[in-house]
Amino acid sequence: MDTDLVLTIGIVLFVLSLPSLLAAWVESRPPRLGAIMVIVALGMVIAALVVKPGGYAFNQVPGVMIGVLSRLFQ
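Not measured: the values here are computed from a predicted model.

Colleague: Got a sec to walk through the packing of helix 1 (residues 3-26) against helix 2 (residues 32-51)? Specific residues and values, please.
Modeller: The N-to-C vectors of helix 1 and helix 2 enclose an angle of 160°; their axes lie 8 Å apart at closest approach. What the angle tells us is that helix 1 and helix 2 run roughly antiparallel. Judged by the twist between their axes, the crossing of helix 1 over helix 2 is left-handed. Listed contacts from helix 2 to Thr-3, Val-6, Leu-7, Ile-9, Gly-10, Ile-11, Leu-13, Phe-14, Leu-16, Ser-17, Ser-20 and Leu-21 of helix 1 are Leu-33, Gly-34, Ala-35, Met-37, Val-38, Val-40, Ala-41, Met-44, Val-45, Ala-48 and Val-51. When grouped by side-chain class, the residues that make up the contact of helix 1 with helix 2 number 18 nonpolar, 5 polar and no charged.

Laid out in structure tokens, this is it:
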């Protein structure tokens, strides 16, 4: 699998986990699903950073995500 795709999916999954974590906190219940999503997302981001030779610079991330989205809609 392409490291750019793994990084993008990890970031999107992390962002989507935030509402689940917030809802669990507001309802005073354990954030099981949100915590699992965060762990998987961070694992994907770390895997993409480790596997890609040279890694990613912080300013490259938006371009990488736009590149993945453009490949998706071609």
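So much for the structure itself; the text now carries on.
Colleague: Explain the pattern of salt bridges residue by residue, including any values.
Modeller: One pass over the structure, following the stated rule, counts 2 salt bridges. The partner of Asp-2 in a salt bridge is Arg-71, with the nearest N and O atoms 2.8 Å apart. With a gap of 69 residues between them, Asp-2 in the segment before helix 1 and Arg-71 in helix 3 (residues 61-72) connect regions that are remote in the sequence.

Colleague: Tell me what's going on with the nonpolar core, and back it up with residues and numbers.
Modeller: One finds Val-6, Leu-7, Met-44, Val-45, Ala-48, Tyr-56, Val-61 and Val-64 forming the largest nonpolar core, which totals 8 residues. Taken together, the elements giving at least two residues each to this core come down to helix 1, helix 2 and helix 3. Ranked by residues supplied to this core, first place goes to helix 2 with 3 residues. The contacts of Met-44, once residues within four sequence positions are left out, are Val-6, Ile-9 and Gly-10.

Colleague: Which residues make up the side chain of Thr-3, and what values do they have?
Modeller: With respect to the helices and strands, the residue Thr-3 is situated in helix 1. Setting aside chain neighbours within four positions, we find Thr-3 in contact with Ala-48, Val-51, Lys-52 and Tyr-56.

About the thresholds
Within any chain, residue numbers begin from 1 and follow the written order of that chain's sequence. Where local features are concerned, this predicted model is filtered to residues with pLDDT of at least 70; where side-chain atom pairs are given and counted, the filter is 80 or more; whole-chain, interface and lining totals use all residues. Each side-chain value is derived from all of the structure's non-hydrogen atoms; neither hydrogens nor water enter the calculation. Lines fitted to the C-alpha atoms define the axes, with helices restricted to the stretch that makes contact. Angles between their N-to-C directions range from 0 to 180 degrees. A helix here means a DSSP run of H or I that spans at least four residues, while a strand means a run of E at least two residues long, and both kinds are numbered starting from the N terminus. Roughly parallel means an angle under 35 degrees; roughly antiparallel, over 145; roughly perpendicular, 65 to 115; everything else is oblique. Less than a right angle of anticlockwise turn of the near helix away from the far helix marks a crossing as left-handed, whereas a clockwise turn marks it as right-handed. Note on contacts: a residue pair is in contact if any heavy atoms of the two residues lie within 4.5 Å. Note that Gly is not counted as nonpolar here; it falls among the polar residues with everything else outside the nonpolar set of Ala, Val, Leu, Ile, Met, Phe, Trp, Tyr, Cys and Pro and the charged set of Asp, Glu, Lys and Arg. Salt bridge, as used here: a side-chain nitrogen of Lys or Arg that lies within 4 Å of a carboxyl oxygen of Asp or Glu. In this text, buried Ala, Val, Leu, Ile, Met, Phe, Trp, Tyr and Cys residues form a nonpolar core when linked through side-chain atoms within 4.5 Å. The buried label applies to any residue whose accessible area, calculated with a 1.4 Å probe on protein chains only, is under 20% of its type's maximum; exposed applies above 50%, and partly exposed to all values in between.

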